Amino acid sequence: MDLQTLALHEGYEKGSQGTMAVPIYQTTAYEFRDVEHAANLFALKELGNIYTRLNNPTTDVFEKRFAALEGGEAALATSSGMSAIFFAFANAAQAGDNIVCAKQLYGGSLTQTAHTLKRFGIESRFFDVHNTQELENLIDEKTKVIFFESLTNPSIDVADIEAIVTIANKHNILTVVDNTVATPVICRPFEWGVDITVHSASKYTTGQGLAIGGILVERKGLNEKLKNNPRYEHFNTPDASYHGLVYTDVGLPAFTLRARLSLLRDLGAVVSPFNAWLFIQGMEHLSLRMREHSKNALALAEFLESHPKVKKVNYPGLQSNSNYAMAQKYFQDGMCSGLLSFEVEGLEEATKIVNATKLYSLVVNIGDSKSIITHPASTTHQQLSHEELLACGVPEGLIRISCGLESSYDLIEDIKQALEA
Ligand code: PLP
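Residues numbered from 1 in each chain as written. Predicted model: local features only at pLDDT ≥ 70, side-chain atom pairs only at ≥ 80, totals over all residues. Heavy atoms only, no water.

1. Considerations on the packing of aromatic side chains
Thinking step 1. Counted under the stated rule, the structure contains 9 aromatic pairs.
Thinking step 2. When the centroid spacing of 6.3 Å and the interplanar angle of 70° are considered together, the rings of Phe32 and Phe42 count as edge-to-face. With Phe32 in the loop between α1 (3-9) and α2 (35-42) and Phe42 in helix α2, this pair connects stretches of sequence that are 10 residues apart.
Thinking step 3. Its relative accessible area of 43% is what places Phe42 among the partly exposed residues.
Thinking step 4. An angle of 20° between the planes, with centres 5.9 Å apart, marks the rings of Phe274 and Trp277 as stacked. Taken together, the positions of Phe274 and Trp277, both in helix α11 (residues 273-284) and 3 residues apart, correspond to about one turn of that helix.
Thinking step 5. Members of the aromatic cluster, joined through ring pairs, are Phe62, Phe66 and Phe279. (Phe/Tyr/Trp six-rings, centres within 6.5 Å; stacked < 30°, edge-to-face > 60°. Helix = DSSP H or I, 4+ residues; strand = E, 2+ residues; numbered from the N terminus. Buried < 20%, exposed > 50% of the residue type's maximum accessible area, 1.4 Å probe, protein only.)

Set out below in structure tokens:
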């Protein structure tokens, strides 16, 4: 079935009430029929609802629908994108292990990997997303995950997914891709052999900046990679915390099963049913929105490229962009999402332009239907020195835009008057 059809129907059976909209099951717990029923659910002899920290019928529709959109087998929703990313790492690695990550990551993912995971004894090693030799040099027998973003935020690079997956598979290591900015509409990581995807649902999934949430998706057939893989012994040996369960023996998608039964149970970063419901609403028009976001961003990027005050425009839909070939290979129908950045002469000029815009909101978010403007050097990257800013590709004159769904004419006119103010 086509993605747009799945987005409207997958994972929901209208019940006796015939409700067209997926109901919100706002409940903490569920009544068992009797003690045997309760025991069967806990022993996984029967699948069903136990407690909303583990599962919920509204969240279940969100998970099934998102997994279908991504072309995966199963999904686990979490309370935020950051917790989905943490679950992907914590499910694969433990103290003494390492993960290899692209340098070009969202700031929160950088601090989680470089600082927070380190305190749990998991080392993060970093490679340039365009340098797969550097990646391979960092791998050893303790490497449990290779992590990168398909379309990076904020540097707006496009990863060579196939090349990275080839190296990962040579060493039998799990690949985890953050597909937040591209979304399943634009990029299909599983078709290139990626094992797990993670998303911040707070961005394009909700689409209107309505709620924080995350989701982790597992590809079809991942159990075969986990089964008897010496890197992932904990998937193949009894889990003492779950009466000796061996995750790869259950006959269910093992990665999400363990993330739910072990991590969600013990860490509790669960999405609220109401937020899951908001994500279901957002998914209904995700593919229509991504087309418009991409169209607007391309029109704006082309305008900016032609303006004398603009030194450089970063948008992979532009033929002049170094990521153009990768975008053509990995992205659907020429769409490149709504994120772009451009550089003007220094801090003063950038500040003046950001302050002069009227239609763009000065916000540190992306993926909203309303356009957003950010000045990284004075916000997300404020703590970095001039040299550090240059090293991570964020000069003081860089402005980032998350293109919304306003008319492209109005978006261009507003930037034009701000540049010329
Ligand atoms: N991944 C990417 C690419 C992001 O841009 C963000 C947030 O901006 C996150 C993950 C974190 O998501 P959340 O804010 O839902 O925790």
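2. Examining the site of the ligand
Thinking step 1. Surveying the vicinity of the ligand reveals 14 residues, the closest of which are Gly81, Asn153, Asp178, Ser200 and Ser202.
Thinking step 2. At 2.7 Å from a nitrogen atom of the ligand is found a side-chain nitrogen or oxygen belonging to Asp178.
Thinking step 3. Between the ligand and Ser200 there is a distance of 2.8 Å, counted from an oxygen atom to a side-chain nitrogen or oxygen.
Thinking step 4. In the complex, the protein chains occlude 92% of the 400 Å² of accessible area that the ligand would expose alone.
Thinking step 5. Here the shell around the ligand gets 3 residues from one element, more than from any other, and that element is helix α4 (residues 81-92). (Near = heavy atom within 4 Å. Polar contact = N/O pair within 3.5 Å; in protein donor to acceptor, adjacent residues only side chain to side chain. Areas by Shrake-Rupley, 256 points an atom, 1.4 Å probe, with all protein chains shown as cover.)

3. Considerations on unusual backbone geometry
Thinking step 1. The amide bond that connects Asn153 to the next residue, Pro154, takes the cis arrangement and shows omega of 10°.
Thinking step 2. Inspection of the secondary structure puts Pro154 in the loop between β4 (143-149) and α7 (161-170).
Thinking step 3. In this model, Asn172 sits at a positive phi of 60°, which is unusual for a non-glycine residue.
Thinking step 4. Mapped onto the elements, Asn172 comes out in the loop between α7 and β5 (174-178).
Thinking step 5. Taking relative accessible area as the criterion, Asn172 reaches 34% and is therefore assigned partly exposed.

4. A look at the domain arrangement of the chain
Thinking step 1. Along its sequence, the chain is carved into domain 1 (3-281) and domain 2 (287-420).
Thinking step 2. Here domain 1 and domain 2 have C-alpha centroids that lie 29 Å from each other.
Thinking step 3. Each partner contributes residues to the interface: domain 1 has 31 residues there, and domain 2 has 30 residues.
Thinking step 4. For the pair domain 1 and domain 2, the two sides together bury roughly 2,600 Å², of which 61% comes from carbon and sulfur.
Thinking step 5. Interface area lost by domain 1 to domain 2 is led by Ile156, Ile186 and Tyr204, which between them contribute 30%.
Thinking step 6. Residue Lys329 pairs with Glu162 through a salt bridge whose shortest N-O separation is 2.6 Å.
Thinking step 7. Taken together, the connections running from domain 1 to domain 2 amount to 16 residue pairs in polar contact (both at pLDDT 80 or more). (Domains from an automatic or database assignment. Contact = heavy atoms within 4.5 Å. Buried area = accessible area lost by both parts, 1.4 Å probe. Salt bridge = Lys/Arg side-chain N within 4 Å of Asp/Glu carboxyl O.)

5. Describing the nonpolar core
Thinking step 1. In terms of nonpolar packing, the biggest core is built from 123 residues, with Phe62, Ile146, Leu304, Phe331, Phe342 and Ile415 touching the most fellow members.
Thinking step 2. Looking at this core, you find at least three residues from each of domain 1 (3-281) and domain 2 (287-420).
Thinking step 3. Beyond its immediate chain neighbours, meaning those up to four positions away, Phe342 contacts Leu304, Val310, Lys312, Val313, Gly397, Leu398, Ile399, Ile401 and Ile415. (Core = buried A, V, L, I, M, F, W, Y, C linked by side-chain atoms within 4.5 Å.)

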